[in-house]
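# Fold and geometry: a report
Residue strings, one per chain:
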Amino acid sequence: MDHHESEKRNLKNGRGYFITFFLLLLFPLYGGIIDLALPKLKGVSMGSAMVQPSVKSTMDGSFQTAVGTFFEEHLPGKNALLRLRGQGIYSLLKTAPNKHVVRGQDGYLFEPAYLQLQTQIAQPVSAQQTDALSKQLQDLQQTLAQNGKELYVFLTPSKARFFPDKMPRSYTLAGSETPIASSYENFLASTKDTGLHVFDGISYLQENAGALAAPLFYKSGTHWSRVWADKAAIAFEEYIAATGNYDLATLTLAEEKSDVCTHPDADIYMTCNLALPPQEQYYDSVITAKPGTQQPSVLMRGGSFMFSLWTLAEQNVFGNVDYLENMTYRTLEKDSERDISTMASYDEMDLTACVERADIVILEVNEASIGNMSFGLLEYLENNASMPLRK
């Protein structure tokens, strides 16, 4: 009886091994089908150049290496395998599989640069530096004003500021025990009573937190949530209307629950290439607009947090819009979006025309990027003093 049971068990195990072998053997077939249903991988190379076959490339091995790399990059089922691997690391080890993402307390995700600045592992921008920046802005504002144009600064927040209790303990312990004035505090002090038009998005969130059901930041996102970004943008537009010379549209925001997240609410989570979708309650903005009597032209420059300003463009608050976010330039015209080579490659776009036609210039700066505000735009304008500003 024992011998018979042992044979049955061996036969059963053999069948299991046989099925497993064929499942693995056929994975490139059904794995490719699975990949079709999954989002594209973020930050994974899929475009290595193929080396042309020749005697030389075959003899030195470069052709074989290129062929191997091609099959590695285009292996059917690669998307699914990487997502399963990433999910295992994320769920079991409680860490992010993306080295540019840090998992904090209670599943909150952060980017290291923001943590380093918040804990002052990285040195804040000094008061001397923000004083010099303030002088640059004042000079630009004066020049623009002489030509009938307005300048506004849109100051945006970092996630680490609003969730210090969710930061990883390693950063908290490594941070400064005697913190000094932050870049944000120095910037506010340097621009106070200067006549500069600075909208403080950080204070705005602090004063209005709790006004919406949507969170200020999602666990899964590195930027402020879509709804709060839109709400702050509307408040900024009201600030422009109250401060400047234009009767702008009146925008009203409501929020509604959504089963899916809109950009950028889970952006940092998506870079981890996980198998499971983020598990949070997301919200969408519902905006209604009452047109104003004027639609000034605008030039906007900033980093990734300025996506909120595009909401104003989409709501037809402005006439002509020249929008430059990081290295991406776009206007309201269809298919206008294109990239410049570097953050400061202003020679690749007709910046002269952008400045000339602008009634309003908006510079977005995140508190973590104060030391590199406008990505060289201020310096470019200073070094091109002959650039015509008159309309």
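Scroll up to find the structure.
Read on for an overview of the structure. (Residues numbered from 1 in each chain as written. Predicted model: local features only at pLDDT ≥ 70, side-chain atom pairs only at ≥ 80, totals over all residues. Heavy atoms only, no water.)

Within the chain, the secondary structure is distributed over 16 helices and eleven strands. For the chain, the proportion of contacts with a sequence separation of at least 24, taken over those separated by at least 6, is 72%. In the structure as shown, the chain presents an accessible area of about 20800 Å², 55% of it carried by carbon and sulfur atoms. (Helix = DSSP H or I, 4+ residues; strand = E, 2+ residues; numbered from the N terminus. Contact = heavy atoms within 4.5 Å. Areas by Shrake-Rupley, 256 points an atom, 1.4 Å probe, with all protein chains shown as cover.)

Time to look at the sheet that holds strand 8 (residues 321-325). Read from one edge of the open sheet, seven strands run 4-3-11-7-8-9-10, paired in mixed fashion. In this open sheet, the two edge strands, each paired with only one partner strand, are strand 4 (198-200) and strand 10 (338-339). As defined by bridge partners, strand 7 (residues 298-302) adjoins strand 8 across five bridges and the pair is classed as parallel. Note that in strand 8 the partner of Met300 across the bridge is Tyr323. The strands that helix 14 (residues 307-314) touches are strand 3 (150-156), strand 7, strand 8, strand 9 (328-330) and strand 11 (360-366); relative to strand 8, the one it contacts most, it runs at about 165 degrees. (Pairing = 2+ DSSP bridges. Axes fitted to C-alpha atoms, helices over the stretch in contact; angles between N-to-C directions.)

Right, let's get into the layout of surface pockets. Considering only enclosed or pocket space, the largest pocket measures out at about 680 Å³ in volume. Surrounding the largest pocket, 41 residues form its lining, Ala266, Asp267, Ile268, Met270 and Thr271 being those nearest its centre. Broken down by element, the lining of the largest pocket gets its largest block of residues, four residues, from helix 13 (residues 267-270). Considered class by class, the residues forming the lining of the largest pocket number 19 nonpolar, 15 polar and seven charged. (1 Å grid on protein atoms, 1.4 Å probe; cavity = no way out; pocket = protein on both sides within 12 Å on 5 of 7 lines; lining within 4 Å. Points joined across faces, edges and corners; volume = space filled by probe spheres on them. Nonpolar A, V, L, I, M, F, W, Y, C, P; charged D, E, K, R; others polar.)

Under the definition given, this model contains six salt bridges. A salt bridge links Glu337 to Arg330; the nearest nitrogen and oxygen atoms lie 3.0 Å apart. Judged by relative accessible area, which is 18%, Arg330 ranks as buried. (Salt bridge = Lys/Arg side-chain N within 4 Å of Asp/Glu carboxyl O. Buried < 20%, exposed > 50% of the residue type's maximum accessible area, 1.4 Å probe, protein only.)

Before going further, it helps to examine the packing of helix 12 (residues 226-243) against helix 14. Relative orientation of the contacting elements helix 12 and helix 14 amounts to 65 degrees, with a least axis distance of 8 Å. In this structure, helix 12 crosses over helix 14, and the sense of that crossing is right-handed. Residues Arg226, Ala229, Asp230, Ala233, Ile234, Phe236 and Glu237 of helix 12 lie in contact with helix 14, whose contacting residues are Phe307, Ser308, Leu309, Thr311 and Leu312. Classifying every residue of the contact of helix 12 with helix 14 by side-chain character gives seven nonpolar, two polar and three charged. (Left-handed = near helix turned anticlockwise from the far one by under 90°.)

With glycine set apart, most residues show a phi of negative sign, and most peptide bonds adopt trans. With an omega dihedral of 5 degrees, the bond running from His263 to Pro264 counts as a cis peptide bond. Summarising the element assignment, Pro264 is placed in the loop between strand 5 (250-258) and helix 13. Within the chain, Asn316 stands out as a residue other than glycine whose phi angle is a positive 60 degrees. By the secondary structure assignment, Asn316 is in the loop between helix 14 and strand 8. Unlike most non-glycine residues, Asn326 shows phi in positive territory, near 55 degrees. Inspection of the secondary structure puts Asn326 in the loop between strand 8 and strand 9.

Turning our attention to the packing of aromatic side chains. Applying the stated criterion across every chain yields a total of 17 aromatic pairs. Geometrically, the ring pair formed by Phe163 and Phe217 is edge-to-face, given 6.2 Å between the ring centres and 90 degrees between the ring planes. Residue Phe163 is found in the loop between helix 8 (159-162) and helix 9 (169-174), and its partner Phe217 is found in the loop between helix 11 (201-208) and helix 12; the two are separated by 54 residues along the sequence. Residue Phe217 is classed as buried on the basis of its relative accessible area, which comes to 1%. Through a chain of ring-to-ring contacts, the aromatic side chains of Tyr114, Tyr152, Phe154, Phe199, Tyr204, Trp224, Phe236, Tyr239 and Phe305 assemble into a single cluster. Geometry around Phe110 places Lys159 over its ring, the cationic atom sitting 5.2 Å from the centre. Taking the ring centre of Trp310 as reference, the NZ or CZ of Arg330 above it sits at 4.7 Å. (Phe/Tyr/Trp six-rings, centres within 6.5 Å; stacked < 30°, edge-to-face > 60°. Lys NZ or Arg CZ within 6 Å of the ring centre and 35° of its normal.)

This brings us to the nonpolar core. Leu137, Phe187, Trp224, Phe318, Leu351, Ile362 and Leu363 are the most contacted members of the largest nonpolar core, which totals 93 residues. The contact partners of Phe187, leaving out residues within four places of it in the chain, are Thr130, Leu133, Leu137, Val153, Leu155, Val198, Ile370 and Met373. (Core = buried A, V, L, I, M, F, W, Y, C linked by side-chain atoms within 4.5 Å.)

Turning next to the pairing of strand 8. The element strand 8 is largely enclosed, with a buried count of five among its five residues. Residues of strand 8 alternate between two faces, with Val321, Tyr323 and Glu325 on one and Asp322 and Leu324 on the opposite face, all of them buried. A crossover links strand 7 with its parallel partner strand 8, the connecting element being helix 14, and its sense is right-handed. Connecting the antiparallel pair strand 8 and strand 9 is a turn made up of two residues, with Asn326 showing a positive phi of about 55 degrees. (Right-handed = clockwise from strand over helix to strand, strands pointing away.)

Glancing now at helix 14. Across the eight residues of helix 14, seven count as buried, placing the element largely inside the fold. The complete set of buried residues in helix 14 reads Phe307, Ser308, Leu309, Trp310, Thr311, Leu312 and Ala313. Two residues or fewer after helix 14 comes Asn316, characterised by a positive phi angle close to 60 degrees.

A few words on the environment of Asp247. Examined against the element boundaries, Asp247 turns out to sit in the loop between helix 12 and strand 5. Among all residues touching Asp247, those that are not within four sequence positions of it are Gly292, Thr293 and Gln294. There is a polar contact of 2.7 Å between the side chain of Asp247 and the side chain of Thr293. (Polar contact = N/O pair within 3.5 Å; in protein donor to acceptor, adjacent residues only side chain to side chain.)

Moving on to the side chain of Ser258. When you line up the elements, Ser258 lands in strand 5. For Ser258, a relative accessible area of 10% translates into the label buried. Looking at Ser258, its side chain comes within polar contact range of the main-chain oxygen of Val260, at 2.6 Å. In contact with Ser258, not counting residues within four places along its chain, are Gln281, Tyr282, Tyr283 and Asp284.

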